[in-house]
Amino acid sequence: MTSKVTTMNIQSLFGVAGKVVLVTGGSRGIGLMIARGYVENGAKVYISSRSEKDCDRAAKELTKLGPGEAVSIPADLQKLSEVKRLGSELKQREEKLHVLINNAGATWGAKFDEYPDEAFEKIINLNLKRVFSLTQELLPLLEKSATPLDPARVINIGSVDGIKVPLLETYAYSASKAALHHLTRVFAGQLTAPRLVTFNAIAPGPFDTKMMAHTLKTIGDVIKDNNPLKRIGSPEDIAGTCIYLSSRAGAYTNGALIVVDGGTVVSPPRSVL
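So, how was this worked out
Residues numbered from 1 in each chain as written. Predicted model: local features only at pLDDT ≥ 70, side-chain atom pairs only at ≥ 80, totals over all residues. Heavy atoms only, no water. Helix = DSSP H or I, 4+ residues; strand = E, 2+ residues; numbered from the N terminus. Rg over C-alpha atoms; globule rule 2.2 N^0.38 Å. Buried < 20%, exposed > 50% of the residue type's maximum accessible area, 1.4 Å probe, protein only. Contact = heavy atoms within 4.5 Å. 1 Å grid on protein atoms, 1.4 Å probe; cavity = no way out; pocket = protein on both sides within 12 Å on 5 of 7 lines; lining within 4 Å. Points joined across faces, edges and corners; volume = space filled by probe spheres on them.

Enquirer: How do you make sense of the overall build of the chain when you look at a structure like this?
Expert: Within the chain, the regular secondary structure consists of eight helices and seven strands. Computed over C-alpha atoms, the radius of gyration of the chain comes to 18 Å, within 12% of the 19 Å expected from 2.2 N^0.38 for 273 residues, which places it in the range of a compact globule. Expressed along its principal axes, the backbone C-alpha trace of the chain runs to roughly 55 × 40 × 40 Å. Residues counted as buried form 51% of the 273 residues belonging to the chain. Long-range contacts, defined as pairs at least 24 residues apart, comprise 75% of the intrachain contacts of the chain with a sequence gap of at least 6.

Quick look at the structure:
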């Protein structure tokens, strides 16, 4: 028995119009790039970040781009109480959620002998533990949108630093992202069959974000030189990957880790620090 074949034009394969999406850390950086991609392709996007001012401003600016819209729900996802409040507010506004983008994250760099315990706890909590918490909170809402041919999607934003040893001493960050990659696989293995929700992770390389600003300022030329494409990531690179995973084209992709880095991870170094 075979599935019914539908028309395979670009819109039917990659369209996300009308979908309801939540992007955490959506007011700036990679999260804002992702949110913009969805809004410009007709989705309704809820963005959440710790700063109410930044979140409101980003939602207003994104909505102007259309044809979709952006809605602000600020939340400090370091706190479990805020995770639950975010989930509660979303459930009051929407009957179902099609896509959850777990993007909110933080980093901390310090020499090994000076690396503070509280920094390690903060990074692991936000980058890993709260991804679990928010997914747990919103899974019932995701299930309501799910069908076999169009499952609900959870996309976790990891990092190439969770695959390779990072250039800088960001111990907690790289450990948290490696763990997030595997947590994504565990989610897919344990939860997809009974829930019709797929779980995938994206491991971005360097993008022009506030988190990367210091690194790009100090060793940006080295990073570009070591990249086969001789550049850092663009908004289209990360947004396009998320849209693929959220569309009919990506409906059968599950438990995957997609590296979006221009090939740096698989290429030998072209210069030495």
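Enquirer: How do you make sense of empty space enclosed by the protein when you look at a structure like this?
Expert: Unfilled space is identified by rolling a water-sized probe across the atoms. Evaluation of the coordinates by the stated rule reveals one cavity of 30 Å³ or more. In terms of lining, the largest cavity is formed by Thr24, Leu77, Val83, Asn102, Ala104, Leu126, Arg130, Val131 and Leu134. It is helix H5 (residues 117-143) that contributes the most residues to the lining of the largest cavity, four residues altogether.

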